[in-house]
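# What the coordinates show
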Amino acid sequence: MDTPDAIVIGSGPNGLVAANTLANAGWSVLVLEAKPRPGGAVWTEELTLPGFHHDVGAAFFPFGETSPALVPLDLPSRGLVWRHAPLDSAHPAPDGTCAAIGRDLDASARSLGEDGEAWRKLALWHRDTREKMLDALLSTLPAAGPMLRFGPMNLLRLAEVAASSGRGWSERHFRTEPARRILPALALHTDVGPDDPFGAVVGFMLAMLATSGGFAVPEGGAASITKALIARLEELGGEVRCGARVGKIVVREGRAAAVVTDDGEEIAADRAIIADTSAPALYLRLLEERWVPSSVTDAMRRFRQGFGTFKMDWALDGPVPWSSEDAARSSVVHTGDSLDDLAAFTAEVRRGELPSNPYLVIGQQSLADRTRAPEGRHTLWAYSRVPSTIEGGWEAAKERFADRIEARIDKLAPGFKARILGRAIFAPPDLEAMNENLIGGDLGGGSAQIRHQLVFRPLFPYFRYRTTVRGLYLGSSYAHPGAGVHGACGRNAAGAALEDEG
């Protein structure tokens, strides 16, 4: 490629969506990826035993078939196939109760019992408003047009959720403990606990997406998403170059002009550079200090990451023997005995302790996608939220905490441990080594607390993807709207570049 119009730093989903958006507009685009393979945390490998295909990071995709940044790219025409389990999210507890939700509203209502009709009404409202809601929430702020299209009454209804804690909202709207623990458990996909002010909206959105798009899994693994995005980009003349870590962004006459890779190669960009990197890496490592105001430098040094992540993968000789039938049919299983149990877990992590009764997000991709494991066998994927660093270091604690996680699952699925053929363990330092955007094992691009969202993501006034340097844009999950494989951060950053270039 001759000098490209744009360089995108990083080939995660946001970087690849940004590249596709620019290529759609006729720009020539070069994507530079530090690692030997593309995709960031959206990739698949045989991590345990041959023939068992595990997602290295993101594993189920509520935005996959719904995001206004992904749907127009028509990835199914590039070979992406979505699969679904009968249910999408199950929430079993040791007392034998299990609330489950999903695209099948009748099955969800039966599972929730006396809260079933309240859930059905919520789900039907979301189905009626989903496209307008997602357009409003995922667009560049202030998103006045999308907000108006969503409508004032719908905005008021969503504002009531956003003004609440997960516990408060759930206790107002549901009568039973199993139903009440759904939203707070989903919110712990981030660092939002059940009693955190303004925390209900995180779990609410994931719950609503479970009822419409569902927690879909791509056939063949998460890498299928990355491969489809690259195939589309290459059809438009774009290029992805792996093993090319960018060490510096060159600024000339106040404008981002080129990048320099770690091996010393300088590559110019005619029109824009989009960074699918962490905000601290952009402002503290890639840019020279003279191009970054001291207020921004100080903010980045204090930047608040989300919880760390402890991830495990298993090769199993059969399906997980859940005591709950709904858990056995769900794409994702969330552990959390009660609202108080989830609150106690959150407090332990914030104190820097290893959780005594780990909250888990458990992915059963092989239920929906039989390409993930040999005939009759299954994969399992799970993570817990943990402190990024612990006393004594993670190497000394990895095996012990992994055993604690397996014991937690075995209580809900007696005989689980007997089905394990192999396992792989990834503590926060391992995840950051795999993808340097996952600082301290944070999967979400920084804290999801309200004071780190909207116009404060990553910091005011640089919340509209433009940075302190002309022609340089932040297009990662460290920008609004944040975590999730929706591609909106990359699409919106590319939109800003196109707007600035007329």
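Structure: above.
Rules used in this analysis
Residues numbered from 1 in each chain as written. Predicted model: local features only at pLDDT ≥ 70, side-chain atom pairs only at ≥ 80, totals over all residues. Heavy atoms only, no water. Helix = DSSP H or I, 4+ residues; strand = E, 2+ residues; numbered from the N terminus. Buried < 20%, exposed > 50% of the residue type's maximum accessible area, 1.4 Å probe, protein only. Contact = heavy atoms within 4.5 Å. Areas by Shrake-Rupley, 256 points an atom, 1.4 Å probe, with all protein chains shown as cover. Lys, Arg positive; Asp, Glu negative; His and termini not counted. Charge placed at Lys NZ, Arg CZ, Asp CG, Glu CD. Phe/Tyr/Trp six-rings, centres within 6.5 Å; stacked < 30°, edge-to-face > 60°. Pairing = 2+ DSSP bridges. Axes fitted to C-alpha atoms, helices over the stretch in contact; angles between N-to-C directions. Core = buried A, V, L, I, M, F, W, Y, C linked by side-chain atoms within 4.5 Å. Salt bridge = Lys/Arg side-chain N within 4 Å of Asp/Glu carboxyl O.

## Quick word on the overall build of the protein chain
- Helices and strands together make up the secondary structure of the protein chain, namely 18 helices and 19 strands.
- For the protein chain, the spread of C-alpha atoms along the three principal axes comes to 65 × 55 × 45 Å.
- In the protein chain, which comprises 502 residues, the share counted as buried stands at 62%.
- Taking the contacts inside the protein chain whose residues are at least 6 apart along the sequence as the reference set, 73% of them involve residues at least 24 apart.
- Total accessible area on the protein chain stands at roughly 18,300 Å², and carbon and sulfur atoms take up 51% of it.
- Each charge class in the protein chain can be summarised by its mean position, and for the 53 positive and 62 negative side chains these summaries are 3 Å apart.

## Regarding the packing of aromatic side chains
- Inspection of every chain in the model, using the stated rule, returns 15 aromatic pairs.
- With 5.6 Å between their ring centres and 35° between their planes, phenylalanine 60 and phenylalanine 215 make a pair best called tilted. Of the two residues, phenylalanine 60 is situated in the loop between β4 (54–55) and β5 (82–83) and phenylalanine 215 in the loop between α9 (200–211) and β8 (217–218); the sequence distance between them amounts to 155 residues.
- On the basis of relative accessible area, phenylalanine 60 is assigned to the buried category, the value being 11%.
- According to the relative accessible area criterion, phenylalanine 215 is buried, its value standing at 1%.
- Ring geometry for phenylalanine 310 against tryptophan 394: centres 5.5 Å apart, planes inclined by 35°, an arrangement best described as tilted. Taken as a pair, phenylalanine 310 in strand β14 (residues 308–316) and tryptophan 394 in helix α16 (residues 394–412) lie far apart in primary sequence, 84 residues in all. Each of the two residues, phenylalanine 310 as well as tryptophan 394, counts as buried.

## Some words on the sheet that holds β14
- The strand order across the open sheet built from 7 strands is β7-β6-β15-β16-β17-β14-β18, with neighbouring strands paired in mixed fashion. Where the open sheet ends on each side, the last strands, each with one partner, are β7 (98–101) and β18 (420–426). Averaged over all neighbouring strand pairs, the angle between strand axes comes to 20°, with direction disregarded.

## Topic: the nonpolar core
- Ranked by internal contacts, the top residues of the largest apolar core, which has 112 residues, are Trp119, Phe204, Ile249, Val259 and Ile273.
- Considering every element that reaches this core, the biggest residue donor is α9, with 8 residues.
- Ala90, Leu316, Ala327 and Phe401 belong to the second-largest nonpolar core, a separate cluster that totals 31 residues.

## Focus: the pattern of salt bridges
- For the structure shown, the criterion picks out 37 salt bridges.
- Salt-bridge contacts for glutamate 399 lead to arginine 423; the nearest nitrogen and oxygen are separated by 2.5 Å. Residue glutamate 399 is located in helix α16, and its partner arginine 423 is located in strand β18; the two are separated by 24 residues in the primary sequence.
- Given a relative accessible area of 46%, glutamate 399 falls into the partly exposed group.
- You can call arginine 423 partly exposed: its relative accessible area is 27%.
- What emerges from the salt-bridge pattern is a single network uniting Arg245, Asp262, Arg285 and Glu436.

By themselves, these figures tell us nothing about what the structure is for.
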